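Read off the chains here:
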Amino acid sequence: MNSAVIGGGLAGSEAAWQLAERGVSVKLFEMRPVRMPPAHSTGNLGELVCSNSLGADRPTSPAGILKQELRRLGSLIMRCADMSRVPAGRALAVDRDLFSSLVTREISRHPNIELIRSETDVIPDLPAIVAAGPLMAGGIADAVREIVGEGCLSFFDAAAPITTLESIDTDRAYMASRYGEGSDYINCPMDRELYEAFWWELVNAERVPLRDIDREGRASDEKTDTCPEVPGRFFEGCLPIEVMAERGIDTLRFGPMRPVGLPHPSTGREPYAVVQLRRDNAEGTLYNIVGFQTNLKWPEQERVFRMIPALEKAEFVRKGVMHRNSFVCAPRVLDCHLRPVKNQKTVRLDLHLAGQITGVEGYVESSATGLVAAIQLFHTLKGDEPPRWPDETAIGSLLNYLQSAEAGTFQPMNVNIGIFPKIETPPGHGRRKKIGKPERSMLYAERSREALEKFLERETAVLTRR
Ligand SMILES: Cc1cc2nc3c(=O)[nH]c(=O)nc-3n(C[C@H](O)[C@H](O)[C@H](O)COP(=O)(O)OP(=O)(O)OC[C@H]3O[C@@H](n4cnc5c(N)ncnc54)[C@H](O)[C@@H]3O)c2cc1C
């Protein structure tokens, strides 16, 4: 059995390793160090482009659950991370050079992997996994665009923060859609005094300097399929909220914070301004702040956005962030096996995407999709139907998010409690009794572990038997 993997980053290295461990011959194409993407600086496989932290490692945190699942499944990336760990409290931080050297060593000496240090502009005519990363450019980006269709491969500048429903003080807000057409939005009303104070803090808050973003390869000055370019570095259709606010004190009241058609149910009058929150996932456990894409520094986002009524204690599971990023609109193009088969005239069941381009966000999430793509492809190569991953696991929750997120506003997502199926009434608790956060986390972790073990008992080919 032969295959090709494009990109020796986190996802591609994991994918190549998983295929090779199952006896599949892999041609792994990595263009570094011959050609360097803007954020990378070495020729090592699995280079961490920014932070050296792979996030929380507490086994009951969502990021910790994902790591445990990857360890259980024999992940190369997790093994190398554990071997290169540096002290960082409850987070898994690594010595970045040691980490990527270990990944490079393991891949280079695997008998089933041929590492080809060159850029490829085409998707080889072999069973393949494309894991060319968020900074992919040139020929391979064109090849992916050709498969998923124009408009599906997006370049974006800033994203809005996302918060959990649980952390929103809904008593201080009201549910309504504009002009009485339903009650889909959480509306946070502001009077004039609060609005003006909020505006002032917003325009004066500290931002990530664009020159720093450029240096990291994070800002986009590329054209997108959907947003027309405007003078300056931003796109008019998705201006950062603080840039919009700078245009005048009332701009937001006539833009994303307009109160028109949103009378307060208790007074019947429209408030001075309204911040709206919209559901971000099928379960309704996550909400994004509508129109609040931002380039503020993260602590500033928390400080300023917590001035919004009902968000004083908001848990922002994803902060607003700005960088150049290529990803497909997963709910529109990917199936649950990470194959770009939706809306296609001709489909290749032996082609998968992996890594950040699938619409996940983060080092470990990218690695997880590499592992999944490899296992799914292995099943196809054997002539079997690829398995469906259980929703209750962190891996299954991520895959489920890629399927069920709102396509029109789709943005990359990291693992967090809001994407797991909600535990309604935990065993042993009365219907109305609220459980604390640590207990809740344990229940989610335990449920994920059990679901994964049952899955592995059933799908015996998922684990390697070496
Ligand atoms: C600037 C920046 C900073 C980030 N910081 C963080 C962070 O701190 N923490 C975090 O969790 N996530 C971060 N991310 C998000 C994401 O987790 C990383 O980008 C992660 O590396 C994605 O993994 P990947 O395997 O999809 O892509 P990558 O790790 O980028 O791997 C893609 C690989 O494909 C190779 N390649 C591309 N095109 C070709 C081609 N045509 N032929 C051959 N090889 C090719 C590239 O050289 C690269 O090695 C950041 C992203 C960016 C862009």
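Residues numbered from 1 in each chain as written. Predicted model: local features only at pLDDT ≥ 70, side-chain atom pairs only at ≥ 80, totals over all residues. Heavy atoms only, no water.

S.K.: Help me understand the site of the ligand in this model?
M.R.: The full set close to the ligand counts 31 residues, and Glu30, Thr120, Gln356, Gly362 and Tyr363 are the nearest of them. One of the backbone nitrogen or oxygen atoms of Thr120 is found 2.8 Å away from a nitrogen atom of the ligand. Contact distances for the ligand include 2.9 Å between an oxygen atom and a backbone N or O atom of Tyr363. Out of a free accessible area of 970 Å², the ligand has 94% covered by protein chains. Breaking the shell around the ligand down by element, the ones donating at least two residues are α1 (10–21) and α11 (363–381). For the shell around the ligand, the residue count by class is 14 nonpolar, 12 polar and 5 charged. (Near = heavy atom within 4 Å. Polar contact = N/O pair within 3.5 Å; in protein donor to acceptor, adjacent residues only side chain to side chain. Areas by Shrake-Rupley, 256 points an atom, 1.4 Å probe, with all protein chains shown as cover. Helix = DSSP H or I, 4+ residues; strand = E, 2+ residues; numbered from the N terminus. Nonpolar A, V, L, I, M, F, W, Y, C, P; charged D, E, K, R; others polar.)

S.K.: Where do I start with the confidence of the model for the chain in this structure?
M.R.: If pLDDT is low for a region, its predicted coordinates should not be looked at in detail. In this model, the chain carries a mean pLDDT of 87, and residues with pLDDT of at least 70 account for 87%. In this model, residues 214–233 is a region of pLDDT below 50 whose contacts with residues beyond four sequence positions or in other chains number 43 contacts. (pLDDT = per-residue confidence, 0-100. Contact = heavy atoms within 4.5 Å.)

S.K.: Teacher, can you tell me more about the pairing of strand β1 (residues 2–6) here?
M.R.: In terms of burial, β1 is a largely internal element, 4 of the 5 residues being buried. The pairing of β1 with strand β2 (residues 25–29) spans 5 bridges and is parallel. Bridging across to β2, Asn2 finds its partner in Ser25. Bridge count between β1 and strand β7 (residues 128–130): 3 bridges; the pairing is parallel. When the sheet's bridge partners are listed, Ile6 is paired in β7 with Val130. (Buried < 20%, exposed > 50% of the residue type's maximum accessible area, 1.4 Å probe, protein only. Pairing = 2+ DSSP bridges.)

S.K.: I would appreciate a short explanation of the pattern of salt bridges in the present structure.
M.R.: Oppositely charged side chains can form a pair if their charged atoms are brought close together. Enumeration over the complete set of coordinates arrives at 27 salt bridges. A salt bridge links Glu300 to Arg303; the shortest N-O distance between them is 2.9 Å. With Glu300 and Arg303 both in helix α9 (residues 298–305) and 3 residues apart, this pair spans about one turn of that helix. Between Glu302 and Lys319 there is a salt bridge, and its shortest N-O distance comes to 3.4 Å. Here Lys319 lies in the loop between β14 (316–318) and β15 (326–328) and Glu302 lies in helix α9, a separation of 17 residues in the sequence. Given the relative accessible area of 17%, Lys319 is considered buried. Three or more residues are tied together by salt bridges with common partners; here these are Asp57, Arg71, Asp82 and Arg85. (Salt bridge = Lys/Arg side-chain N within 4 Å of Asp/Glu carboxyl O.)

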